[in-house]
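Analysis of the macromolecular model
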Amino acid sequence: MAEKKKSLQIGAGMVGRCIVHDMISDFDITVLDMEEKNLEETKRLYPSVTTVKGSATDKELIAKLSADCDIITAAMPGTVGYIVTRIAMELGKKIANVSSMHGRADTEFHEIGLQTGGLGISMIGFEPGMSNFFGGRGYYKLDKCEELYVYVGGGLPVNPRPPFNYFTTWSISDNINQFAQPTTVVRKGEELVIPALSEVMPFEIAEFKNLECFTSNGLGSLFRSFRDVPEMAAFTVRWPGLAAQMRFLNQLDLFDKEERVLGKVKQVPRDILIDIFSKKYERQPGEVDVSVLKIVTKGIKGKDRVTYTWEIAQKEIPGTGYTSMAWTTACTCGIFARAIVDGKLTGKGMLPAEQLAKDDDFYNWVMAEQAKRGIFYNEKVSVEKNVIR
């Protein structure tokens, strides 16, 4: 029997535990988290793991814990996740990190990795992650990509429940950022920054016919990697009504991060909102979620106008104990972590997911690994013949 490899998992929330679930068959895993309850639950589910209570930003501790590890995996809120990536690059380690970069580019960490020998992929989950992978696949299959659109709804309740028709299956902080963060889109070849929630439209996928989507800051690194694409935008998918509710709260300045006097007490409005949302957004026993993703790339191939579309409406898989959002995110992280450890991905610095889909063999391997985990993305191609004379 082959000796197990070693990994350090940073973050033991639901997604972090699900990464452990994905990797524990062939890795000895150490798990780092600040919350005792998260570590206790991880140990209960996976008794063979080693748990350590500590900070994800403690470089000395991470250096010690990862000294003999083959890979670091991480699932932290975006406010911390990018720091984990920086530490891994400074230490010359390998990392697969699902955390949002909060609009930051990988350039700084890439340059560090080139010097230290570190190798990593950031934002490698469901979205961002597979969204970038498919966006890159479509871009490279076309001779000229003219349009690229991302639609994502992570952790939608199959049966919506008021007041928000949504429950959270991931970081509350990252969740509400999409309602307040300025949104980058590309229109007629020009990068524009527009307010979040400024464009709302109907959306449907699979049996879910009555959804809506709104512009959000979900392009990640796509607009930096593919600057020659004249039209790009990302949209968050929700049940109808949520965008109007969030726009109203935004207009009341309840997403503000600056402390102010509310009543007679100094408070940060956003902190109050997070506290309220954590209760109203809480998932109730028996509720089932679905995560939807649709990537559309349009352009010219030869003399034809071609559209490549990837889509999925992934419902929670019974018996896994994990939401669809956690499952699709964590499995993707586990797949790409293994690709790094097994030498399918090599080099130094940061690897953008969109650049990796160009290779047919690697693309097919990733899709096969997703299918092994019960995740089946549907690829569609439509062709308008001979539009170029």
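Notes on the structure follow. (Residues numbered from 1 in each chain as written. Predicted model: local features only at pLDDT ≥ 70, side-chain atom pairs only at ≥ 80, totals over all residues. Heavy atoms only, no water.)

With respect to the side chain of Asp289
To be explicit about the condition: Per the convention used, a helix needs a DSSP run of H or I reaching at least four residues, while a strand needs a run of E reaching at least two, with both numbered from the N terminus. Residues adjacent in sequence count toward polar contacts only when both atoms are side-chain atoms; beyond that, a polar contact is any pair of N or O atoms within 3.5 Å, and within protein one must be able to donate a hydrogen and the other to accept it.
Turning to its location among the elements, Asp289 is positioned in strand S15 (residues 289–301). Within the structure, the side chain of Asp289 is placed 3.3 Å from the backbone nitrogen of Met325, a separation counted as a polar contact.

Here's the deal with the environment of Leu39
For clarity, the cut-off: Contacts are assigned to residue pairs with any non-hydrogen atoms lying within 4.5 Å of each other.
Note that Leu39 resides in helix H2 (residues 36–45). Put simply, Leu39 and Arg17 are 22 residues apart on the chain and 9.2 Å apart in space, counted from C-alpha to C-alpha. With residues up to four places along the chain from it excluded, the contact list for Leu39 reads Ala12, Val31, Leu32, Asp33, Thr51, Val52 and Lys53.

Topic: the state of the cysteines
Selection criterion: Two cysteine sulfur atoms make up a disulfide if the distance between them is within 2.5 Å. Only protein chains enter the area calculation, which uses a 1.4 Å probe; residues under 20% of their type maximum are buried, those over 50% are exposed, and those in between are partly exposed.
Per the stated rule, a full pass over the model turns up zero disulfides. Free cysteine: Cys18, not disulfide-bonded; nearest cysteine sulfur from Cys331 at 5.3 Å. For Cys18, a relative accessible area of 1% translates into the label buried.

A short note on a nonpolar patch on the surface
Put simply, the rule is: Patch rule: a residue counts if its relative accessible area is over 30% and it has no salt bridge; like charges are joined within 9 Å, and nonpolar side chains (Val, Leu, Ile, Met, Phe, Trp, Tyr) within 5 Å. Computed with a 1.4 Å probe, the accessible areas rest on the Shrake-Rupley method; for each residue, only the protein chains presented here act as cover. Any carboxyl oxygen of Asp or Glu that lies within 4 Å of a side-chain nitrogen of Lys or Arg is treated as forming a salt bridge with it.
Judged by side-chain polarity, Leu262, Ile272 and Ile276 come together as a nonpolar surface patch covering roughly 210 Å² of accessible area. Relative to the helices and strands, Ile276 is located in helix H10 (residues 269–280).

Thoughts on the pattern of salt bridges
For the structure shown, the criterion picks out 19 salt bridges. Between Arg305 and Glu146 there is a salt bridge whose closest N-O contact spans 2.6 Å. Here the residue Arg305 occupies a position in strand S16 (residues 304–315), and Glu146 occupies one in strand S7 (residues 144–157), the gap between them amounting to 159 residues. Salt bridges linked by common partners bring Asp22, Asp26, Arg338, Glu369, Lys372 and Arg373 together as one network.

A word on the packing of aromatic side chains
The following threshold applies: Pairing of aromatic rings covers Phe, Tyr and Trp, the last counted by its six-membered ring, and requires centre-to-centre distances within 6.5 Å; plane angles under 30 degrees mean stacked, over 60 mean edge-to-face, and any other angle means tilted.
Across all of its chains, the model carries 17 aromatic pairs by this definition. Taking 5.8 Å as the distance between ring centres and 85 degrees as the angle between the ring planes, the aromatic pair formed by Tyr140 and Phe226 counts as edge-to-face. Here the residue Tyr140 occupies a position in helix H6 (residues 130–141), and Phe226 occupies one in the loop between helix H8 (222–225) and strand S12 (231–238), the gap between them amounting to 86 residues. Between the aromatic rings of Tyr308 and Trp310, the centroid separation amounts to 6.2 Å while the plane-to-plane angle is 25 degrees, which identifies the pairing as stacked. Among the aromatic residues, those joined into a ring-pair cluster are Phe133, Phe134, Tyr308, Trp310, Phe336, Phe362, Tyr363, Trp365 and Tyr377.

What to know about the packing of helix H11 (residues 324–341) against helix H13 (residues 360–372)
Formally: Axis definition: a line fitted to C-alpha atoms, limited for helices to the stretch in contact. Angles are taken between N-to-C directions and run from 0 to 180 degrees. The cut-offs work like this: below 35 degrees is roughly parallel, past 145 is roughly antiparallel, 65 to 115 is roughly perpendicular, and the gaps in between are oblique. Definitions for this section: a left-handed crossing has its near helix turned counterclockwise from the far helix by less than a right angle. A right-handed crossing has that turn clockwise. Classes in brief: Ala, Val, Leu, Ile, Met, Phe, Trp, Tyr, Cys and Pro nonpolar; Asp, Glu, Lys and Arg charged; the others, Gly included, polar.
In contact at an axis separation of 10 Å, H11 and H13 are set at 135 degrees when each is read in the N-to-C sense. When the axis of H11 is compared with that of H13, the two are oblique. Like other packed secondary-structure pairs, H11 and H13 cross with a definite hand, here right-handed. Residues Thr332, Ile335, Phe336 and Ala339 of H11 pack against Phe362, Trp365, Val366, Glu369 and Gln370 of H13. When its residues are assigned to classes, the contact of H11 with H13 shows six nonpolar, two polar and one charged.

As for helix H1 (residues 14–23)
Of all 10 residues that make up H1, eight are buried, and the element is covered over most of its length. Taken residue by residue, H1 has Val15, Gly16, Arg17, Cys18, Ile19, Val20, Asp22 and Met23 as its buried positions.

Some words on the environment of Asp106
Relative to the helices and strands, Asp106 is located in the loop between strand S5 (94–97) and helix H5 (107–116). Sequence separation between Asp106 and Thr309 is 203 residues; the distance between their C-alpha atoms is 27 Å.

Comments concerning the pairing of strand S1 (residues 5–10)
Put simply, the rule is: DSSP-based pairing: two strands are paired if at least 2 bridges between them are found. The definition of a right-handed crossover adopted here requires that, viewed with the strands pointing away, the path from the first strand over the helix to the second runs clockwise.
Summarising the sheet, S1 and strand S2 (residues 27–33) pair through six bridges and their orientation is parallel. By the bridge assignment, Ser7 is partnered in S2 with Ile29. Assessed by its sense of winding, the connection that carries the chain from S1 through H1 to S2 is right-handed. Sheet topology places S1 next to strand S4 (residues 71–74); four bridges connect them, and they run parallel. Looking at S4, one finds that Gln9 is bridged to Thr73.

Overview of helix H9 (residues 242–251)
Which entries qualify depends on this criterion: The reported arc concerns the directions from the helix axis to the C-beta atoms and nothing else.
Among the residues making up H9, those that are buried are Leu242, Ala243, Met246 and Leu249. The arc that holds every buried residue of H9, seen down its axis, measures 125 degrees, which confines them to one face. Buried residues along H9 sit against strand S10 (200–205), strand S11 (208–215), S12 and H10. A positive phi of about 65 degrees marks Asp253, the residue just after H9.

So, the sheet that holds S5
Ordered by their spatial adjacency, seven strands build an open sheet running S3-S2-S1-S4-S5-S6-S17, and the pairing between neighbours is parallel. Whereas interior strands pair on both sides, the edge strands pair on one side only; in this sheet they are strand S3 (50–53) and strand S17 (349–350).

Quick notes on the nonpolar core
Put simply, the rule reads: The term nonpolar core refers to a set of buried residues drawn from Ala, Val, Leu, Ile, Met, Phe, Trp, Tyr and Cys, joined through side-chain atoms within 4.5 Å.
Among the nonpolar cores identified, the biggest contains 69 residues, and Phe133, Phe134, Leu293, Phe336, Leu345, Phe362 and Tyr377 are the most heavily contacted of them. Counting residues per element, this core draws most heavily on H11, at 12 residues. When neighbours within four sequence positions are excluded, Phe134 is seen to be in contact with Leu293, Ile295, Trp310, Tyr363, Met367 and Tyr377.

It is worth stressing that arrangement in space is one thing and function is another; only the former is reported here.
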